[in-house]
Amino acid sequence: MAVVRKKKRSAARAVKKATSQARRGRAAKGRPTRKVAKKVAAKGGRATRYVYFFGAGSADGRADMKNTLGGKGANLAEMAGLGLPVPPGFTISTDVCAYYYDHGRQYPPALRADVAKHLAKIEAAVGKRFGDRTNPLLVSVRSGARASMPGMMDTVLNLGLTPDTVQGLISASGNARFAWDSYRRFVQMYGDVVLGLKPEGKEQDPFEELLEKKKHARGVENDTDLSADDLRELADEFKALIRQRLGIEFPNDPHEQLWGAIGAVFGSWNNARAITYRKMYGIPDDWGTAVNVQAMVFGNLGDDCATGVAFTRDPATGAHIFYGDFLRNAQGEDVVAGIRTPQQLTRHASQEWATAQGVPEAERAARYPSLEESMPQCFAQLERTAKRLEKHYRDMQDLEFTIERGRLWMLQTRNGKRTAAAAVKIAVDMVSERLIDRDTAIQRVEPASIDQLLHPGIDPNAPKERLARGVPASPGAAAGEVVFSADEAADAVAAGRTVILVRVETSPEDIHGMNVAAGILTARGGQASHAAVVARQMGKCCVAGASELDIRYDPGVILVGSHSVKRGDWITLDGSTGEVFLGRVPMVASHGQSAEFRTLMGWTDRVRRLKIRCNADKPEEAELGRAFGAEGIGLCRTEHMFFEPERIGAVREMILARDLAGRERALAKLLPIQRGDFLGIFRAMDGLPVNIRLLDPPLHEFLPHGDEEIAELAKTIGVSATELVARRDALFEINPMLGMRGCRLGIVYPEIYLMQVRAIMEAASQLVREGVKVIPEIMIPLVAHVHELEILRAQADALCKEILAAAEVKVPYTIGTMIEVPRAALTADEIAQSAAFFSFGTNDLTQMAMGLSRDDAAKFLPQYVDRGVLPADPFATLDQVGVGELMRIAVAKGRRSHPGLKIGICGEHGGDPASIVFCHEIGLDYVSCSPYRVPIARLAAAQAALAR
Ligand code: PEP
Ligand code: MG
């Protein structure tokens, strides 16, 4: 009994200790601090399991264990379990990552024994021993988080090589050059990644400098021309460099190397680029990474070896073709890094490539044969495996493979990243192929990504001069000034310029530049290069591998034939054809939507409960929104019409009028103009509701500032410039967003709102007579107290009735309000009794609920988000906990006193997928967003309904 109690107490202590450590960990940025504490305690101080074996036809893990094993580890386990040829290895779980950060970079006590046990299992499976002088086992040590973060964290290959074991590798492989090359690569990689010789972000790699020097000294051009002796010397020079710079000896003990690499991989969860990447893709900091330790297989042992990547469908277009690149006699990293331009997997793709490059067929077949031609058996096995994996996962797969001496090994499979166009096509095709159902297809497409499909393309009729052609890596088109580094791109964009980032090849260090550039152009690499993969995911136009370009970072110029394009010159990219043009080529609106896109959108409409409207102030915008599937207008901001040059004069006259008579004279000029606007919008939305908001902004926003404008206006309204300036200054407000705006204008100057109501109802009456179905919703902004709404509603209603009676027509109009002041949300029960509808103005509601100025918050908001003070910009993604709570209250109270009250949202959040899900959950009737975001909203709303 006593023993049991003692155990319980120590378990409780363990929970307390681990929890307080977890809490401390949570305060530090990026620490994975999951519920490891409880797990540890539950097992009397021993977590469930830390290490999982895979290979030799079996596995401890499965594909659905990504939370524990990371994506790579879970899929390696799944492939091994399916009996596919996977080099044996083990995965150290993400729980260890959490423990590592919670315990000051210490490992769970049992881990060393677990790793040793599993290393022995690899040794048994491959018949080699780690650290052996005759036939050494070498391993790779790779990261692998729950969500794929390509290239963001660290990897070490060829681990286990020492001056002793390299002799074993020479005798086992019979290839001294290969062995010394593996050793110098290992020293370089370990020096970079584990010992930290190459500081992050630094351009010149000191190891590469030594490599260049060696090639120069030997008078050779390529790495492959260096001899075994050269490479051995180079490895020594690398080690000397480490000694000199870091004051440490390169480790010669394979076990020390292994633990160094494991620590580096866990540590790389928190490197700067991984943190940036997580922020960009909303990956939680506390997920952590797993570490995969796996027996090395070699694609660089000779000409019967190769390494490559493959996709089961084309990731750019979604076409159902087997697709990919490979390099003969190379290591895997060479393909991904885009250092050599790879060859195609299939004969067909190889021939297409040769035609585009102008390479004759005989030369192609001799020098650049496809895998299908050069290694037909391995190709057939790879294609069979790919088909099997796609069917197994029921999704397009992205595979990595290595062929070692004619034997195929699978190194990775994962659901492939794809462009939005490909995502839509693959999802719809897979439904026809009966691989997935429609609901799954809807869930397969990321709503925000379909923005790509609606982007502009190059005007086919515009004159243009082609500079070069590369691989069409990510579709869309972009024009911008040439910059040559990520930092340059970031600075230029911060200064308001538009840039194309031009690099020989990109690396993960360039991510911040790629993120802000309008497009990306590289001279090296193919569809699977870093630039291609990352740009595709960002939905950014990219042309990769335009090999005619001679890019010189210093002095900043691209040479192509007789052309030279300097830093700051404009170029235009067509990511759909791979063409690069000189100058700024005109663009046209979206390429139009594919049949698959329309099919998918049709499916979403059957599933979603939320209606989707658009925010539109002009007939053209209304038409565009309708073409994208909008089911009405959720917000027509009447003041946007006031800024047109031919109207602003009358608006200013109205504002500056000394008395009612003067104001009415100016309003009389505005009435026909407004009526004309509404005629156009109502016509475009025939049969659909149109929500028109009466004037909202503070009046000073319309007033002139420059001397010339002031003089001109003074003349028009017949006052002196000095008097006009005095009147303008009298209208100045210290806090205009909380000043004379919204319904306060309507209360103080009823004639303004009445002019607008007249324009709406006269336009509606005219159109009803013409047979157009008009459904106007008149919306009063910035209501804080029910009295404001009661007064304005009564005035507007009386005028509507008067106009309709005179015109002898019926128009089904309604009058409602925005909910954008916290008090309105809190008193929604009172307000709902006077309102036919509510529409959440979440821009103002966020501003007022959080006390965050919409105009000034940009000074600190980015820092807030960067430092995790706020999880996201609350003006882009709804603050569901705070602002959302006000919405919940308003919905509940509003519907309690007015059952069936129609409620929508028209703030910017109406087009944000995460906020749309929230709107669905709290029972809104519709969301309204900009026309281009209507398809995104349709899809997000359908996904929200399915999630339920
Ligand atoms: C809002 O506040 O959310 C809104 C739609 O109105 P505006 O952005 O015009 O203030
Ligand atoms: Mg507002």
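Caption draft 1: Fine view of the coordination of the magnesium ion (ligand 2). The protein atoms donating to the magnesium ion (ligand 2) are Glu-820 (OE) and Asp-844 (OD), with metal-donor distances spanning 2.0 to 2.2 Å. With a gap of 24 residues between them, Glu-820 in the loop between strand 31 (814–819) and helix 32 (822–826) and Asp-844 in helix 34 (residues 842–850) connect regions that are remote in the sequence. Take Glu-820 and Asp-844: they sit in the same class, and that class is buried.

Caption draft 2: Quick peek at the pairing of strand 24 (residues 570–574). Burial of strand 24 is extensive: four of the five residues sit out of reach of the surface. Note that strand 17 (residues 477–483) and strand 24 share five bridges and pair antiparallel. Bridged to Gly-480 within strand 24 is Ile-571. Between strand 24 and strand 25 (residues 579–582), which follow one another and run antiparallel, lie four residues, and Gly-578 among them has a positive phi close to 85 degrees.

Caption draft 3: Seen up close, the sheet that holds strand 32 (residues 837–840). Within the closed barrel, the eight strands sit side by side as 27-28-29-30-31-32-33-34. Their pairing is parallel. Across the sheet, the axes of successive neighbouring strands diverge by a mean angle of 30 degrees, strand direction being ignored. Sheet topology note: the strand 28 (residues 633–637)/strand 29 (residues 689–693) ladder contains three bridges and is parallel. The partner of Arg-637 across the bridge, within strand 29, is Arg-693. Relative to strand 31, helix 31 (residues 786–807) is tilted by about 150 degrees, and along the sheet it contacts strand 30 (775–780) and strand 31.

Caption draft 4: Summary view of the sheet that holds strand 24. Ordered in space as 15-25-24-17-18-19-20-16, the eight strands form an open sheet in which the pairing is mixed. The sheet is open, and its two borders are formed by strand 15 (466–469) and strand 16 (471–474), each paired with just one other strand. Neighbour-to-neighbour, the strand axes of the sheet open up by a mean angle of 30 degrees, direction not taken into account. Here four bridges tie strand 18 (residues 499–503) to strand 19 (residues 519–522), and the two strands are oriented parallel to one another.

Caption draft 5: Spotlight on the pattern of salt bridges. In this structure the tally under the stated criterion is 57 salt bridges. Between Asp-429 and Lys-425 there is a salt bridge, with its nearest N and O atoms 2.9 Å apart. A residue pair is termed a helical-turn pair when its members lie 3 or 4 positions apart in one helix, as Asp-429 and Lys-425 do in helix 17 (residues 420–432) at four residues. Between Arg-524 and Glu-505 there is a salt bridge whose closest N-O contact spans 3.0 Å. Of this pair, Arg-524 sits in the loop between strand 19 and helix 21 (530–538) while Glu-505 sits in the loop between strand 18 and helix 20 (511–516); the two residues are 19 residues apart in sequence, bridging distant segments of the chain.

Caption draft 6: Quick look at the site of ligand 1. The immediate surroundings of ligand 1 are formed by 14 residues, with Arg-637, Gly-841, Asn-843, Asp-844 and Arg-854 found nearest. Contact distances for ligand 1 include 3.0 Å between an oxygen atom and a side-chain N or O atom of Glu-820. Within the complex, 95% of the 290 Å² of free accessible area of ligand 1 lies under protein. At the level of elements, strand 28 and helix 34 are the ones that each hand at least two residues to the shell around ligand 1. The leading source of residues in the shell around ligand 1 is helix 34, at three residues. Here the shell around ligand 1 is composed, by residue class, of three nonpolar, four polar and seven charged.

Parameters and conventions
- The numbering scheme is per chain: residues are counted from 1 as the chain's sequence reads.
- Think of it this way: whatever chain is written first is A, whatever ligand is written first is 1, and the rest follow in order.
- Under the rules for a predicted model, residues below a pLDDT of 70 receive no local features and side-chain atom pairs below 80 are neither given nor counted, while totals for whole chains, interfaces and linings still include all residues.
- Excluded from the side-chain calculation are hydrogens and water; included are all heavy atoms of the structure.
- Note that water is not among the atoms considered, so a metal site may appear incomplete; the donors listed are N, O and S atoms within 2.8 Å of the metal, with 3.2 Å applied to Na, K and Ca.
- By definition, any uninterrupted DSSP run of H or I lasting at least four residues is a helix, any uninterrupted run of E lasting at least two residues is a strand, and each is numbered from the N terminus.
- Classification of residues uses two cut-offs on accessible area relative to the type maximum, computed with a 1.4 Å probe and protein chains only: under 20% is buried, over 50% is exposed, and between them is partly exposed.
- Paired strands, in this sense, are two strands between which DSSP finds at least two bridges.
- Lines fitted to the C-alpha atoms define the axes, with helices restricted to the stretch that makes contact. Angles between their N-to-C directions range from 0 to 180 degrees.
- Throughout, a residue-residue contact means that at least one pair of heavy atoms, one from each residue, lies within 4.5 Å.
- When a carboxyl oxygen of Asp or Glu lies within 4 Å of a side-chain nitrogen of Lys or Arg, that pair is called a salt bridge.
- Any residue with a heavy atom lying within 4 Å of a molecule or strand is counted as near it.
- Polar contact criterion, stated in full: a pair of N or O atoms within 3.5 Å, where within protein one must be able to donate a hydrogen and the other to accept it, and residues adjacent in sequence count only if both atoms are side-chain atoms.
- In this description, accessible areas are obtained by the Shrake-Rupley approach with a 1.4 Å probe, and a residue is regarded as covered only by the protein chains that are shown.
- Residues are grouped as follows: Ala, Val, Leu, Ile, Met, Phe, Trp, Tyr, Cys and Pro are nonpolar; Asp, Glu, Lys and Arg are charged; all remaining types, including Gly, are polar.

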